[in-house]
Amino acid sequence: MNIEIAWDLWPEMIFWGVLGINALCLLAYGRQIHLWTKRLSQAPKPNQEELIRSDVSNWITVVIPCRNEAENLPSLLSDLAQQTCPIEILVVDDHSSDATIEIAKTAGVKCISNQAHGKKAALRQAHGKVKTPWMATLDADVRIGTDWAKSMMQCIQNNQSGEDKETQAILGTVRIEAKPNSHWQRFQSLEYGCLMAWIEGGVSSGTLAMGSGANSVYRTSTYPANELHENQASGDDAYALLAIKNNNGKIIWNSQRSAFVTTQPVQGWSELWQQRARWASKTVDGSDRETTTTGWIVAAVHFALILAIISGVACSSRGIAGILALFAAKGMMDRRLVSTAVDRYALPLKRLDLIRFPWRYAALVWGSWWHLLRGQVKWKGRKL
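Residues numbered from 1 in each chain as written. Predicted model: local features only at pLDDT ≥ 70, side-chain atom pairs only at ≥ 80, totals over all residues. Heavy atoms only, no water.

Draft legend 1. How the structure looks around the overall build of the protein. Tallying secondary structure elements over the protein gives eleven helices and twelve strands in all. Total accessible area computed for the protein in this model is approximately 18,100 Å², and 56% of it derives from carbon and sulfur atoms. (Helix = DSSP H or I, 4+ residues; strand = E, 2+ residues; numbered from the N terminus. Areas by Shrake-Rupley, 256 points an atom, 1.4 Å probe, with all protein chains shown as cover.)

Set out below in structure tokens:
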């Protein structure tokens, strides 16, 4: 009789043990969110932009690596043509099978063909062609406002004197453009906004070397072109910025909203999982300590939740109540970060988004790591 009672207690004992693991993971997760929101609050806030000097011609060359971007490239080239400050433009075609190169040439933009393969090779080749003091990288699928170049040039000017003269990179925010009535697009916008909040705060505090190649400006003379390794199908920004940080170069974040770029959300879960799996691969391949730590904490929190769900099924109503309590606790932590991102980046938000977010974000993490662990992650048809 006693043995039977002991065996009957095992499922509940395991469940409570798993709840304890979840509690520890959530404490670590909550500590990270507190750190992220605190340092973002200390980062420079957007303010009224000053006039820039008149002698800024040929300061920036905008490099656009392209592979089959005939659908997106015309919009970006139109945005660049309407800039309120003069810029140079260089398109690098990476063996496109569509009309990408013809579109660039028709627009009167300088275009070269990638002699090797991949985005990093395209950037290395472009770097050898840039004659301006600064080199910007934009993805072909982003949109920018008319004052994007002006804002970047102002940031350059503000960081060229005194102790800041060695600034080597200036980064800007990337937003996902979401239709206000699409809960799927709003989720992507909010999730990416949380990522931006972590990155901007980390860069501004000097503890993180991370950004997006979709909105970056580098000092041409110190751009680490030789550090762009080919053993990953993406991650040029991560390699470049980490190399700059390791060489004690200064990285600045341009917080002005005129420096924002926007990109489109993906269509479905499979594409989103693939995208995030590519990014997660950077947390275990040459990343700095904070990026690696953050990746493992986020993974631990969400895999602990899986264990709670599996073990909680055997505990009937108490198990379900425990699972809901875990998601409620995580939701409160997520809410703080989401609210910070909404205010900082002017993101669309509806009341139900805060309830849906923890569940959807869990599905995002689970699916991304499943793709990564199975080795099924690809970029532009190339397997990582």
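What follows picks up the thread again.
Draft legend 2. Structural view of the packing of helix H6 (residues 183–204) against helix H11 (residues 351–374). Two elements in contact, H6 and H11, have axes whose closest approach is 10 Å; the angle formed by their N-to-C orientations is 75°. Judged by the angle between their axes, H6 and H11 are roughly perpendicular. Residue-level inspection shows His183, Trp184, Arg186, Phe187, Leu190, Glu191 and Cys194 of H6 in contact with H11, the latter providing Asp353, Arg356, Phe357, Arg360, Tyr361 and Leu364. The residue makeup of the contact of H6 with H11, split by class, is seven nonpolar, one polar and five charged. (Axes fitted to C-alpha atoms, helices over the stretch in contact; angles between N-to-C directions. Parallel < 35°, antiparallel > 145°, perpendicular 65-115°, else oblique. Contact = heavy atoms within 4.5 Å. Nonpolar A, V, L, I, M, F, W, Y, C, P; charged D, E, K, R; others polar.)

Draft legend 3. Here's a closer look at the sheet that holds strand E8 (residues 216–219). In spatial order, the strands read E3-E2-E1-E4-E8-E6-E9; together these seven strands make up an open sheet with mixed pairing. Each edge of the open sheet is held by one strand with a lone partner, namely strand E3 (110–113) and strand E9 (250–254). Within the sheet, the average angular offset between the axes of one strand and its neighbour, ignoring direction, is 25°. Relative to E9, strand E6 (residues 167–172) runs parallel, the two being bridged by five bridges. From the neighbouring strand, isoleucine 170 faces E9, where its bridge partner is isoleucine 252. Across the sheet, helix H2 (residues 73–81) touches strand E1 (60–66) and strand E2 (88–93), and the angle it forms with E1 is around 175°. Taken strand by strand, helix H4 (residues 119–127) contacts E1, E2, E3 and strand E4 (134–137), and its axis lies near 150° from that of E1. (Pairing = 2+ DSSP bridges.)

Draft legend 4. Unusual backbone geometry, seen in detail. The backbone of histidine 95 shows a phi angle near 60°, a positive value even though the residue is not glycine. Note on placement: histidine 95 falls in the loop between E2 and helix H3 (100–106). For asparagine 248, which is not glycine, the phi torsion reads 65° and is therefore positive. Along the chain, asparagine 248 turns up in the loop between helix H7 (236–246) and E9. Relative accessible area serves as the criterion here: at 74%, asparagine 248 is assigned to the exposed category. (Buried < 20%, exposed > 50% of the residue type's maximum accessible area, 1.4 Å probe, protein only.)

Draft legend 5. Broad picture of the environment of glutamate 69. Structurally, glutamate 69 can be placed in the loop between E1 and H2. The sequence separation of glutamate 69 and isoleucine 103 amounts to 34 residues, and the corresponding C-alpha distance is 9.5 Å.

Draft legend 6. Just the environment of glycine 17, in detail. Structurally, glycine 17 can be placed in helix H1 (residues 2–41). The class for glycine 17 is partly exposed, based on a relative accessible area of 39%. Spatially, the C-alpha atom of glycine 17 lies 9.7 Å from that of serine 311, the residues being 294 residues apart in sequence.

Draft legend 7. Examining the environment of valine 62 more closely. Checked against the element boundaries, valine 62 lands in strand E1. Dropping the residues within four chain positions of it, valine 62 is found in contact with Leu80, Ile87, Glu88, Ile89, Leu90, Ala136, Leu138 and Trp148.

Draft legend 8. Structural context of the pairing of E2. Within E2, five of the six residues are buried, leaving the element largely enclosed by the surrounding structure. Direction of pairing for E1 relative to E2: parallel, over a ladder of six bridges. Among the inter-strand pairings, threonine 61 is bridged to a residue of E2, identified as glutamate 88. At this point the chain moves from E1, through H2, to the parallel E2, and the crossover so formed is right-handed. As judged from the four bridges shared by E2 and E3, these two strands associate in the parallel manner. Its bridge partner lying in E3, aspartate 93 is registered against serine 113. The handedness of the E2 to E3 crossover, carried by H3, is right-handed. (Right-handed = clockwise from strand over helix to strand, strands pointing away.)

Draft legend 9. Spatial organisation of helix H8 (residues 269–280). Its twelve residues give H8 an end-to-end C-alpha distance of 16 Å, which sits within 8% of 16 Å, the value for a rise of 1.5 Å per residue. Within H8, burial applies to Leu272, Gln274, Gln275, Arg276, Ala277, Arg278 and Ala280. (Expected span 1.5 Å × (residues − 1).)

Draft legend 10. Examining a nonpolar patch on the surface more closely. Taken together, Ile320, Leu324 and Trp359 make up a surface patch of nonpolar side chains, about 310 Å² in accessible area. Along the chain, the position of leucine 324 falls in helix H10 (residues 316–345). (Patch = residues over 30% accessible without salt bridge, like charges linked within 9 Å, V, L, I, M, F, W, Y side chains within 5 Å. Salt bridge = Lys/Arg side-chain N within 4 Å of Asp/Glu carboxyl O.)

Draft legend 11. Quick peek at the sheet that holds strand E7 (residues 174–176). Strand order in the open sheet formed by three strands is E5-E10-E7, with mixed pairing between adjacent strands. Since the sheet does not close on itself, it has two edges, and those belong to strand E5 (142–144) and E7, each with one partner. Averaged over all pairs of adjacent strands, the angle between strand axes in this sheet comes to 35°, irrespective of strand direction.

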